[in-house]
Amino acid sequence: MSRKVRADIHLDAIVHNYRLAKAQAPGARAVAVVKANAYGHGAVPVARRLAAEVDAFGVACIEEALELRAAGITQPVVLLEGFFDADELPVIAREGFWPALHSEHQLEWLEQASLPQAIPVWLKVDTGMHRLGFEPEVVPAMVARLRDCSSVSDVLLMTHFACSDEPEHGMTEVQLARFSKLIDELGLAASLSNSAAVMAWPEAYRQWLRPGVMLYGATPFEQSNAVADQLQPAMTLSSEIIAVREVPAGETVGYGATYRCDKPSRIGTVAMGYGDGYPRHARTGTPVVVEGQRTALVGRVSMDMLTVDLTDLPQAGVGSRVELWGGQLPVSDVARWCDTIPYTLLTCLTPRVPRFYD
Ligand SMILES: *Cc1c(COP(=O)(O)O)cnc(C)c1O
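Each value, and the rule that gives it
- Residues numbered from 1 in each chain as written.
- Predicted model: local features only at pLDDT ≥ 70, side-chain atom pairs only at ≥ 80, totals over all residues.
- Heavy atoms only, no water.
- UniProt positions renumbered as here; feature names shortened; annotations may be inferred.
- Buried < 20%, exposed > 50% of the residue type's maximum accessible area, 1.4 Å probe, protein only.
- Helix = DSSP H or I, 4+ residues; strand = E, 2+ residues; numbered from the N terminus.
- Pairing = 2+ DSSP bridges.
- Contact = heavy atoms within 4.5 Å.
- Axes fitted to C-alpha atoms, helices over the stretch in contact; angles between N-to-C directions.
- Salt bridge = Lys/Arg side-chain N within 4 Å of Asp/Glu carboxyl O.
- Near = heavy atom within 4 Å.
- Polar contact = N/O pair within 3.5 Å; in protein donor to acceptor, adjacent residues only side chain to side chain.
- 1 Å grid on protein atoms, 1.4 Å probe; cavity = no way out; pocket = protein on both sides within 12 Å on 5 of 7 lines; lining within 4 Å.
- Sits in = over half its atoms within 2 Å of the grid points.
- Nonpolar A, V, L, I, M, F, W, Y, C, P; charged D, E, K, R; others polar.
- Parallel < 35°, antiparallel > 145°, perpendicular 65-115°, else oblique.
- Left-handed = near helix turned anticlockwise from the far one by under 90°.

Under an unreviewed UniProt entry, the name given to the chain is Alanine racemase, and the organism recorded is Marinobacterium sediminicola. UniProt, in its Pathway (unreviewed entry) section for the chain, records the words "Amino-acid biosynthesis; D-alanine biosynthesis; D-alanine from L-alanine: step 1/1." Heading Sequence similarities (unreviewed entry) of the UniProt record for the chain holds this comment: "Belongs to the alanine racemase family."

Below, the structure is given as structure tokens:
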């Protein structure tokens, strides 16, 4: 029999989470963000399952968008980073992609292009993130140029929050004020809300939401949130115990001998490692669930294995099922122990982990 590492993807949970996002802002439409292989869940199966009810999909680049088209997905696809080269424009027009436009050089390419059909553009406004987008002061002039541009059919304004996952942070209000002023002035449709803003910033709802991580049932917040509590985890990452060692007190476990048993311990070795995408920097104490019960990782994660404490789980042994995250263990709990966020855990799963869809 083969190695038991697997990621079970619960497509119904993703549908539930998408509906939950939309239910927050009745009347708004929502881009289902499926970039980075749908945050590790598989862009094509996720998009196929959502296709019947999704208003649009969101990806980072044209390669990801073309993958959806090749799989028969016909909805509009927003290119959240826009286009990187002028030669993408005819493809964008032909395929019905909606590019973000964040820089002057992209606008020049558009002005010079002659496209088979005009395209809608999501003009990105830099309200404080200082990563992509136009300064608010120049946006009216850019919109005027876009309106004069025969390759452009429609303009929507978008911006991205730096701190919407921190409900107490003043930054979101600053960004919201800068952006609201512009959309009032220009009378354009707009999009602001990533997952955290969908769940915590109703003031920011406009015509389009852009939920990403929440679709996959993971919370971007450190603290609890009434909407996040209703999310359903979309991935269960699991494996099994492949060996058990009785380790005397004083002996160490794993690379670097970093973990020393302070008592006689029963150590289980799990077929799961950083070669699968489980983070190497997961600390001793990171929760894992063995046969439905919580215990802890001990010692360093290796490429293909990790070790867990089974001392208090006498019923566990070779063949016991181990959940690394999923329905019994939120991925955000694991992320906290790894000094990271659920986004990285989900997106960094490697192709070695087979995905099964239910
Ligand atoms: C990735 C992304 C999102 C989704 O963010 P989440 O925090 O995962 O909801 C929304 N908007 C833009 C521009 C993005 O790049």
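Anyway, onward from the coordinates.
S.K.: Could you clarify how one ought to interpret the pairing of strand β2 (residues 29-33) in this entry?
M.R.: A regular strand places its side chains on the two faces of the sheet in alternate fashion. For β2, the buried fraction is high: 4 of the 5 residues fall into the buried class. Direction of pairing for β2 relative to strand β9 (residues 208-209): parallel, over a ladder of 2 bridges. Note on β9: the bridge partner recorded for alanine 30 is leucine 209. Sheet topology note: the β2/strand β3 (residues 56-59) ladder contains 3 bridges and is parallel. Considered in β3, the bridge of valine 33 is made with glycine 58.

S.K.: Looking at this structure, how should I read the pairing of strand β1 (residues 6-9)?
M.R.: Bridge count for β1 against strand β10 (residues 235-247) is 4 bridges, and the pairing is antiparallel. Paired with alanine 7 across the bridge in β10 is leucine 237.

S.K.: Please explain the sheet that holds strand β7 (residues 152-158) as it appears in this structure.
M.R.: Neighbouring strands of a sheet are bound in pairs by backbone hydrogen bonds; such pairs are parallel or else antiparallel. Pairing is parallel around the closed barrel formed by 8 strands, whose spatial order is β2-β3-β4-β5-β6-β7-β8-β9. Against the sheet, helix α1 (residues 11-24) touches β2 and β9, its axis set at about 145° to β2.

S.K.: I keep staring at the pattern of salt bridges and nothing clicks. Help me out?
M.R.: Where side chains of opposite charge bring their charged atoms close, a pairing between them can arise. Per the counting criterion, the structure on display carries 17 salt bridges. For glutamate 111, the salt bridge is made with arginine 145, and the minimal N-O distance between the two is 2.9 Å. Of this pair, glutamate 111 sits in helix α6 (residues 104-112) while arginine 145 sits in helix α7 (residues 139-148), and the two are 34 residues apart along the sequence. On the accessibility criterion, arginine 145 (26% relative accessible area) is partly exposed. Each of Arg3, Asp276, Asp304 and Arg352 takes part in one network of salt bridges that share partners.

S.K.: Quick question: what am I supposed to make of the site of the ligand here?
M.R.: Neighbouring residues of the ligand: 14 residues in total, closest Lys35, Tyr39, Ser195, Val213 and Tyr343. Arginine 210 places a side-chain nitrogen or oxygen 2.8 Å from a nitrogen atom of the ligand. Note that an oxygen atom of the ligand is positioned 2.7 Å from one of the side-chain N or O atoms of tyrosine 343. Of the pockets mapped on this structure, the ligand occupies the largest pocket. Among the residues forming the shell around the ligand, the class breakdown is 7 nonpolar, 4 polar and 3 charged.

S.K.: Any chance you could explain the packing of α1 against helix α3 (residues 43-50) here in plain terms?
M.R.: Helix packing geometry: the angle between the two helix axes and the distance between the axes. As a packed pair, α1 and α3 sit with axes 10 Å apart at the nearest point and diverge in direction by 60°. Judged by the inter-axis angle, α1 sits oblique to α3. Seen from above, α1 lies across α3 with right-handed handedness. Each of Leu11, Asp12, Ile14, Val15 and Tyr18 in α1 lies in contact with α3, whose residues at this interface are Pro45, Val46, Arg49 and Leu50. Within the contact of α1 with α3, the residues separate by chemical class into 7 nonpolar, no polar and 2 charged.

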